[in-house]
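Architecture at a glance
One-letter residues, chain by chain:
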Amino acid sequence: MNNKIEIELELLAVAKLNTWFTSRQDVRNFVDLVNQRTGKSYRDNLTDYVQSAIDAYGDLTSGINAKDIVTSAIDIAEAGSNSVLDNVINLLDIENEEHNNNN
């Protein structure tokens, strides 16, 4: 169960990244820059966002580390195509294929 929640959290985090950056190059170059308004890096803001999602799940997410989810999400956002959104779609396609093969 935890694995499925981790994947959902990663997708949520990548979707959030897509609201900030459109290309994997942008993610790579800017994710550690400090946002002047908040005084936090985009990575730190994303970690806070994921942590609030983890907290919302309650006991189902015990042992899930927000920083690990954020690192995975950044890796996904930087992988493959030039578009962060395309990488989310590719990951969903892989998830659907694995789900269909397991049934």
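Under the counting rule described, the total for this entry stands at two aromatic pairs. Ring plane angle 70 degrees and centroid distance 5.2 Å describe the contact between F21 and Y42, whose orientation is recorded as edge-to-face. Of this pair, F21 sits in the loop between helix 1 (2–20) and helix 2 (24–30) while Y42 sits in helix 3 (residues 42–57), and the two are 21 residues apart along the sequence. Accessibility expressed as a relative area gives 6% for F21, which makes it buried.

Let us look at helix 3. The α-helix winds at 3.6 residues per turn, so residues separated by three or four positions along the chain end up facing the same way. Under the 1.5 Å per step criterion, the end-to-end length of helix 3 is 23 Å for 16 residues, consistent within 8% with the ideal 22 Å. Buried within helix 3 are the following residues: N45, L46, T47, V50, A53 and I54. Contacts from the buried residues of helix 3 go to helix 1 and helix 4 (66–78). Positive phi appears at G58, one or two residues downstream of helix 3, with a value of about 70 degrees.

The rules behind these values
- Residues numbered from 1 in each chain as written.
- Predicted model: local features only at pLDDT ≥ 70, side-chain atom pairs only at ≥ 80, totals over all residues.
- Heavy atoms only, no water.
- Phe/Tyr/Trp six-rings, centres within 6.5 Å; stacked < 30°, edge-to-face > 60°.
- Helix = DSSP H or I, 4+ residues; strand = E, 2+ residues; numbered from the N terminus.
- Buried < 20%, exposed > 50% of the residue type's maximum accessible area, 1.4 Å probe, protein only.
- Expected span 1.5 Å × (residues − 1).
- Contact = heavy atoms within 4.5 Å.

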